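Each chain, letter by letter, is given below.
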Amino acid sequence: MDIYLIRHTRPDVLPGTCYGQSDVDVAASFMDEFTLLHPKLRHLPEPVIYSSPLQRCVKLAESVAATFGSHLDIQHDERLKELNFGEWEMKSWNDIPQGLIEVWAEDHVRHVPPNGESYLQLAERAMSFLTELEHDEQPVLVFTHAGVIRALTGHALGLPLVNTFKLQVDYASVSKIVLQGSLSSVGFVNR
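Residues numbered from 1 in each chain as written. Predicted model: local features only at pLDDT ≥ 70, side-chain atom pairs only at ≥ 80, totals over all residues. Heavy atoms only, no water.

**Student:** Residues and numbers for the environment of L120, please.
**Tutor:** Mapping L120 onto the fold places it in helix α4 (residues 119-131). Judged by its relative accessible area of 29%, L120 is partly exposed. With residues up to four places along the chain from it excluded, the contact list for L120 reads V109 and L161. (Helix = DSSP H or I, 4+ residues; strand = E, 2+ residues; numbered from the N terminus. Buried < 20%, exposed > 50% of the residue type's maximum accessible area, 1.4 Å probe, protein only. Contact = heavy atoms within 4.5 Å.)

**Student:** Can you lay out unusual backbone geometry for me, pointing to particular residues and giving the numbers?
**Tutor:** One non-glycine residue, E46, adopts positive backbone phi at about 40°. Overall, E46 belongs to the partly exposed group, its relative accessible area being 38%. A positive phi angle, near 65°, is found at M90, a position not held by glycine. On the secondary structure map, M90 appears in the loop between β4 (74-76) and β5 (91-92). Overall, M90 belongs to the partly exposed group, its relative accessible area being 43%.

**Student:** Pulling in residues and values, what's your account of the side chain of S52?
**Tutor:** Of note, S52 is situated in the loop between β3 (48-51) and α2 (55-68). A polar contact of 2.9 Å, which involves the side chain of S52, links it to the side chain of H145. Discounting residues that sit within four places of it in the chain, S52 has contacts with C57, V58, H76, D77, L80, K81, F143, T144 and H145. (Polar contact = N/O pair within 3.5 Å; in protein donor to acceptor, adjacent residues only side chain to side chain.)

**Student:** How would you explain helix α1 (residues 30-37) if you had to name every residue and give the values?
**Tutor:** Residues three or four positions apart in an α-helix share a direction because the helix packs 3.6 residues into each turn. All buried positions along α1 are accounted for by F30, E33, F34 and L37. Buried residues of α1, seen end-on, are gathered within an arc of 100° and therefore sit on one face of the element. Among the exposed residues of α1, those oriented more than 90 degrees off its buried face are D32 and L36. In this structure, the buried residues of α1 make contact with β1 (2-7), α2 and β7 (174-179). (Arc of directions from axis to C-beta.)

**Student:** Got a sec to walk through the packing of α1 against α2? Specific residues and values, please.
**Tutor:** Packing of α1 against α2 brings their axes to within 11 Å, and their N-to-C directions diverge by 50°. One element, α1, and the other, α2, form an angle in the oblique class. Between α1 and α2 lies a crossing whose hand is right-handed. The residues of α2 that touch α1, namely those facing F30, F34 and L37, are K59, L60, S63, V64 and T67. The class makeup of the residues in the contact of α1 with α2 is five nonpolar, two polar and one charged. (Axes fitted to C-alpha atoms, helices over the stretch in contact; angles between N-to-C directions. Parallel < 35°, antiparallel > 145°, perpendicular 65-115°, else oblique. Left-handed = near helix turned anticlockwise from the far one by under 90°. Nonpolar A, V, L, I, M, F, W, Y, C, P; charged D, E, K, R; others polar.)

Below, the structure is given as structure tokens:
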């Protein structure tokens, strides 16, 4: 099964803002970014579409689905949301006490921002989503966030979770993974 992991377009937030699961809108550059993304997906025959329920993903999923015709449904899945930064949400990274950020950064896989979740928890819910996919013939489009894409792509590459933050995931980028039979045979294709 071919799974295309698509990151949302640029969000409408000030640079340096921690926005994680905050439901921020897309930036004014949305249509320009969509126009650049669309050629990477238009060749796919009748894809199955999943999306994080956050509007920056839903708007992109709806725009892509419309190019295939109005008959495609978008299935929203909470497990595709970005990392929950808890009390850090919508704060400038500069306004968060540096001591707290340093503790979190020392082990960002296991440490939890106050009232948030760890990257390990995000990875576990993303893998839970992946294990339930059963669309052998149709390509699957997944509109999601950088954290989820890093976790799933890292798994496909066999990377330890701690090393997946090194993966660059640009806005409106597409990462393709191939699932053959079981999760033990996930592969990554760089597109």
